[in-house]
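One letter stands for each residue in the lines below.
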Amino acid sequence: MERKDGKSIEHDHKQHEHQNHDHHEQHQHDEHNHHDHGEHGGHGHHDHGDMVNDFKKRFYISLIVTIPILILSPMIQDFIGVDWGFPTDQYILFALATFVFFYGGWPFITGGISELKDKNPGMMTLIGLAIVVAYGYSSLTVFGWEGKDFFWELATLIDIMLLGHWIEMRSVMGASNALEELVKLMPSEAHKLDENDNIEDVAISDLQNEDRVLVKPGEKIPVDGTILDGKSAVDESMLTGESVPVEKYKGDEVIGGSVNNEGSLTIKVEKTGDDSYLSQVIELVREAQASRSRTQDFTDRAAKWLFYIALASGFITLFIWLILGYSFVIALERMVTVMVITCPHALGLAAPLVVAVSTSLSAKQGLLIRNRANFEGARNLNAVVFDKTGTLTKGEFGVTDIIPSADIKKEDILVWAASLEQNSEHPLAEGIVNEAKEKELSLKKISDFESITGKGIEGKVDGKKVNVVSPGYVDQQNMEYDHETFNQLSEDGKTVVFVLVEDKLIGMIALADMVRETAKEAVASLKENGIHSIMLTGDNQKVADWVAKQLDIDEVYAEVLPDDKANQVKKIKEKGWKVAMTGDGVNDAPALATADLGIAIGAGTDVAMETADVVLVKSNPKDVVSLMNLSKKTYQKMVQNLWWAAGYNIFAIPLAAGVLAPIGIILSPAVGAVLMSLSTIIVAINAKLLKA
């Protein structure tokens, strides 16, 4: 028990990693999200960090080239009342616009083509249509066709759309490295024993069934296997969620990826590679991620409709003007104006700006959003499933009861036990020592400390022999103690240790995984909002019931095997409910991926964080409530913004088509542009008004 139980080291380390994580994750875009939106035609092979930079670079370069385009455009010159025309200006304009069209517009053109291939036009197709029409028509006007060019319109549209996509990709972060993270849990080498018990370090992939492997204290167990020799306490919390290290003896099975805390073990390899438990978890995560619903973004739906409207209104405009007897040139100009105007700049920014604001708000509150679509759906949740260990509880032991045997003061029992335990780094020991520190008791001097595996620890405190032992040891020695109280404490799922001084029993101390105060508040506020809380745990029924009683949770599923957690979530979903799952371990990863919204508690494992849609950095279950509120507000803002963006269209399209032409009002493309800028500004201001 001398070793620090792997978990707490892991914890600090994870916390730390986590902070670093935030920074670089910010720059990667969840590939997953991306395919949902069909948003990157030709870019599938890019790394996502590269994609963000790619959009950024395209935006800046296009923006610089747009400046001379604006200066050279006759329409803009008319607008500000100057004439800077010179003989070849049209050709220079054409060259610059061609560059912006192909360089800046390329992601949209390829994106539009791949959307059309999938028979699912969306934002990319709409932008693609507008820029192709604007470019094609304007090029004709340069080479002899009558009419005005739309090059400036083309360039600004491309710039704003690039900006929108860049903002969106930057604010939506994280890439699914869950599988790599899981693999990292596995040590890369193992100490293989040959026939003569000589140790040879080999790569794990070289291990065969029946090989013998030595695992030293504090190392991760390399593969699934059976113990041939040795005994130890193994911390499987990363994999099974069981909070107490499990004592393992000869003949017991061990799981690859768990941490060997105390003794040296010799293991016979049972399963290698793809058959191992960890590989199966990886497979489950992969399947669950693949089977996620492909939530189409709200904007995409709007864009799809606008695409059809743009095509329809463009052609209707063309035919009506022709029927009214106007020349093809004039009719075509009207048609192009309609098609270009239908693609609102504001629509490209409506969602990304809200996304950016809500992402930065959520980050300030300690929520990292990795999957936008699922986060936006959080406003419709009916139930939240909580994993117990580490989520509702702290994952660290605290003293709940001290039961003296005779007329000994509780404080004295605690002082004897804590004085002895101050040298041990077992999680139970930490709990006892912390309790003594909180009560500000001074600890006694200790010498000759030793741990007796399976029994407990012993040492000399103030010259007296003191033991802290397990119930098994006390029963073996046939010592008298209060069985009724002991059974009651065990019923509650508490771990009980006995304190002996000079081989005399002076009392027992009960410890339990402490419930987070914030968890109580979270469950209470979820109840107020009519959302059902459910607890899911691999721990035994008694422990689960005790925690549930303290938290006032009605539904409890205990002793759920890790592979079964995802099924349990599926069952809850089958009621037609929208379910969020909150967890922190590897064993929660498949369930997180199965739920409608996966929420990882930040201090948990990287794998859980990688499979989750949202990560709670502060490990505070109350954040689940703030998350839902933010989701509701974000959604409302998006809807408002889409109305602003679309409202511009409802107003501008008929005008561009020439509805008021009979009374002499024709919307010139320049005025169209001013209206468009206005709707863009309104959308931007509205997004900024989002408050947590």
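Up top is the structure.
None of these values were measured; they are calculated from a predicted model. (Residues numbered from 1 in each chain as written. Predicted model: local features only at pLDDT ≥ 70, side-chain atom pairs only at ≥ 80, totals over all residues. Heavy atoms only, no water.)

Participant: Please explain the sheet that holds strand β6 (residues 246-248) as it appears in this structure.
Facilitator: In a beta sheet, neighbouring strands are held together by backbone hydrogen bonds and run either parallel or antiparallel to one another. Ordered by their spatial adjacency, 3 strands build an open sheet running β6-β5-β8, and the pairing between neighbours is antiparallel. Since the sheet does not close on itself, it has two edges, and those belong to β6 and β8 (259-260), each with one partner. Judged from the 3 bridges that link them, strand β5 (residues 232-235) and β6 form a sheet pairing that is antiparallel. Bridging across to β6, Ser-232 finds its partner in Lys-248. (Pairing = 2+ DSSP bridges. Helix = DSSP H or I, 4+ residues; strand = E, 2+ residues; numbered from the N terminus.)

Participant: Any chance you could explain the pairing of β5 here in plain terms?
Facilitator: Regular strands have side chains that alternate between both faces of the sheet. Burial along β5 is two-sided: Ser-232 and Val-234 and Ala-233 and Asp-235, pointing in opposite directions, are all buried. The pairing of β5 with β8 spans 2 bridges and is classified as antiparallel. The residue of β8 that forms the bridge with Asp-235 is Val-259. (Buried < 20%, exposed > 50% of the residue type's maximum accessible area, 1.4 Å probe, protein only.)

Participant: What should I look at first to understand the packing of aromatic side chains in this one?
Facilitator: Aromatic ring pairs are described here by two measures, namely the spacing of the ring centres and the angle between the planes. Scanning the entire structure with this criterion turns up 15 aromatic pairs. Here the aromatic rings of Tyr-135 and Phe-151 are separated by 6.5 Å at their centres, their planes lie at 55°, and the arrangement is tilted. On the criterion of sequence distance, the pair formed by Tyr-135 in helix α6 (residues 123-142) and Phe-151 in helix α7 (residues 151-171) is long-range, its members being 16 residues apart. By the burial criterion, Tyr-135 is buried, and Phe-151 matches it. Among the aromatic side chains, those forming a connected cluster through ring pairs are Tyr-91, Phe-94, Phe-101, Phe-102, Tyr-135, Phe-143 and Phe-151. Its end group placed over the ring of Tyr-635, Arg-379 keeps NZ or CZ at 3.2 Å from the ring centre. Above the plane of the ring of Trp-577 lies Lys-575, whose end atom (NZ or CZ) is 4.6 Å from the centre. (Phe/Tyr/Trp six-rings, centres within 6.5 Å; stacked < 30°, edge-to-face > 60°. Lys NZ or Arg CZ within 6 Å of the ring centre and 35° of its normal.)

Participant: Could you clarify how one ought to interpret helix α5 (residues 89-117) in this entry?
Facilitator: Residues separated by three or four positions in an α-helix point in the same direction, a consequence of the helix having 3.6 residues per turn. In α5, a bend of some 65° at Gly-105 exceeds every other bend along the element, and Pro-107, a proline, comes one to four places later. Where α5 ends, the next residue or the one after it, Lys-119, has phi of about 50°, a positive value. (Bend = angle between axes of the 7 residues up to and from the residue.)

Participant: Mind showing me how you'd approach the sheet that holds strand β13 (residues 446-452) here?
Facilitator: A sheet is described by the order of its strands in space; here 6 strands give the open sequence β12-β17-β16-β15-β14-β13, paired in antiparallel fashion. Because the sheet does not close on itself, it has two edges, and the strands there are β12 (393-404) and β13. If you compare each strand with its neighbour and ignore which way they point, the axes differ by 20° on average. Both β13 and strand β14 (residues 456-461) contribute to a ladder of 5 bridges, which runs antiparallel. Residue pairing in the sheet places Ser-451 in a bridge with Ile-457 of β14. Against the sheet, helix α17 (residues 427-438) makes contact with β12, β16 (495-501) and β17 (504-515), and its axis sits at roughly 65° relative to β12, the strand it touches most. The sheet strands contacting helix α21 (residues 541-551) are β12 and β17, and the helix crosses β17 at an angle near 60°. (Axes fitted to C-alpha atoms, helices over the stretch in contact; angles between N-to-C directions. Contact = heavy atoms within 4.5 Å.)

Participant: How should I be thinking about a negative patch on the surface in this particular structure?
Facilitator: There is a patch of like negative charges on the surface, built from Glu-189, Glu-200, Asp-201 and Asp-206. Mapped onto the elements, Asp-206 comes out in the loop between β2 (199-203) and β3 (212-215). Residue classification places Asp-206 among the partly exposed positions, given a relative accessible area of 48%. (Patch = residues over 30% accessible without salt bridge, like charges linked within 9 Å, V, L, I, M, F, W, Y side chains within 5 Å. Areas by Shrake-Rupley, 256 points an atom, 1.4 Å probe, with all protein chains shown as cover. Salt bridge = Lys/Arg side-chain N within 4 Å of Asp/Glu carboxyl O. Lys, Arg positive; Asp, Glu negative; His and termini not counted. Charge placed at Lys NZ, Arg CZ, Asp CG, Glu CD.)

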